[in-house]
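Commentary on secondary and tertiary structure
Chain residues, written in single-letter form:
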Amino acid sequence: MLELMYKLMEHRSHEIRHRLERVGRAASMLHMDVLLLIYHFARFGPGNILEIGPYIGGSTIAAAFGVRDADAPKKIVSIEAGGHLKHFRLSSRNIIKDLKKNLARFGMTENVTLINGRSFEETTKSAVGQVLRAGEVGLFIFDADNNVRRDLECYGDLLSDRCWLVIDDYFGPAKAAPLRAQVDELVSAGRLVPFGYYGWGTWIGQWHRNESR
Ligand SMILES: C[S@@+](CC[C@H](N)C(=O)[O-])C[C@H]1O[C@@H](n2cnc3c(N)ncnc32)[C@H](O)[C@@H]1O
């Protein structure tokens, strides 16, 4: 945990922060510290990346920057339901269109496999299965609705033991309470191990394939 805090502090004073500030302004609702941690895990963590809920791409681009700076090639698969959303700073009338536009703007179109669908739909699961194999995912980013347990049931087999998890909305209004209850239950069951709470209310931790308590 202390090592993670230390790494974050280092990234905050590195040039990546300036690159990610541009991404954050254009395309992310997430706190800069969370974008930096996504970058860090994507760059230095082993394995591929699975994301649920990119919206217009901020978190996806942070991961893609990390992969571009990594020593080994990695796949990024991002699942987005699409539609439209009103937001005080980052509204979108067509989420998929704006997502593609932002990936192109930051030069990341080729680096991301985008799947347009709901995470739990059979067509989505089968599209993910075409790209990712069991135990291959080293970073799972969940910033979608309030049901992370459902998506861990759908995709848990793809996650490696000690896969990093970034789960947004652990703290916050409306959707936070049920999501927090699910995360806490999974922690009690030994499936998730917390490493900290960052930004506006993002839970950071690891996945344990087998119960560790
Ligand atoms: C809070 S936004 C994500 C913000 C983004 N990660 C960022 O960096 O700003 C949540 C997104 O999740 C999508 N979403 C919600 N439930 C979903 C699901 N079950 N499957 C796929 N996408 C979902 C919504 O359409 C929305 O674009």
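Predicted, not measured: the structure shown is a model, and the values here were computed from it.

**Things to note about the site of the ligand**
The full set close to the ligand counts 19 residues, and Gly53, Tyr55, Gly58, Ser59 and Ala144 are the nearest of them. Counting only elements with at least two residues in the shell around the ligand, the list comes to helix H4 (58-69) and strand S2 (76-80). Per-class residue counts for the shell around the ligand are nine nonpolar, six polar and four charged.

**Side note on the packing of helix H2 (residues 16-27) against H4**
Two elements in contact, H2 and H4, have axes whose closest approach is 9 Å; the angle formed by their N-to-C orientations is 160°. Here H4 runs roughly antiparallel to H2, going by the angle between their axes. Of the two elements, H2 crosses H4, and the hand of that crossing is right-handed. Where H2 abuts H4, its residues Arg19, Leu20, Val23, Gly24 and Ala27 lie against Gly58, Ile61, Ala62 and Phe65. Per-class residue counts for the contact of H2 with H4 are six nonpolar, two polar and one charged.

**Focus: the pairing of strand S7 (residues 202-207)**
Burial within S7 is extensive, with five of its six residues counted as buried. Between strand S6 (residues 192-198) and S7, which pair antiparallel one after the other, the connecting turn spans three residues, and Gly199 there sits at a positive phi close to 60°.

**A look at the environment of Gly205**
Position of Gly205 among the secondary structure elements: in strand S7. Residues Gly205 and Ala27, 178 residues apart in the sequence, show an inter-C-alpha distance of 24 Å. Setting aside residues up to four positions removed in sequence, Gly205 forms contacts with Leu165, Leu192, Val193, Pro194 and Phe195.

**Comments concerning the sheet that holds S2**
Strand order across the open sheet formed by seven strands is S3-S2-S1-S4-S5-S7-S6, with mixed pairing between neighbours. Looking at strand neighbours, the two that pair on one side only are strand S3 (112-116) and S6, the edges of this open sheet. Neighbour-to-neighbour, the strand axes of the sheet open up by a mean angle of 15°, direction not taken into account. Pairing between strand S4 (residues 137-142) and strand S5 (residues 159-167): five bridges, direction parallel. Bridge pairing links Val137 to Leu159 in S5. Together, strand S1 (48-52), S2, S3 and S4 form the strand contacts of H4, whose direction differs from that of S2 by roughly 175°. Sheet strands touched by helix H8 (residues 176-188): S5, S6 and S7. Its angle to S6, the strand with the most contacts, is close to 135°.

**Regarding the nonpolar core**
Judged by nonpolar contacts, the single largest core of 60 residues is most densely connected at Ile38 and Phe140. Ignoring any residue separated from it by four or fewer positions in sequence, one finds Ile38 in contact with Ser59, Ala62, Ala63, Gly66, Ile141 and Val166.

**Here we look at the environment of Ala177**
Here Ala177 is to be found in helix H8. For Ala177, a count of 13 C-beta atoms within 10 Å puts it in the partly exposed group. It is 8.3 Å that separates the C-alpha atoms of Ala177 and Asn146, two residues lying 31 residues apart in sequence.

Rules and cut-offs
Residues numbered from 1 in each chain as written. Predicted model: local features only at pLDDT ≥ 70, side-chain atom pairs only at ≥ 80, totals over all residues. Near = placed C-beta within 6 Å. Helix = DSSP H or I, 4+ residues; strand = E, 2+ residues; numbered from the N terminus. Nonpolar A, V, L, I, M, F, W, Y, C, P; charged D, E, K, R; others polar. Axes fitted to C-alpha atoms, helices over the stretch in contact; angles between N-to-C directions. Parallel < 35°, antiparallel > 145°, perpendicular 65-115°, else oblique. Left-handed = near helix turned anticlockwise from the far one by under 90°. Contact = placed C-beta atoms within 7 Å. Buried ≥ 20, exposed ≤ 12 C-beta atoms within 10 Å, placed from the backbone. Pairing = 2+ DSSP bridges. Core = buried A, V, L, I, M, F, W, Y, C linked by C-beta atoms within 7 Å.

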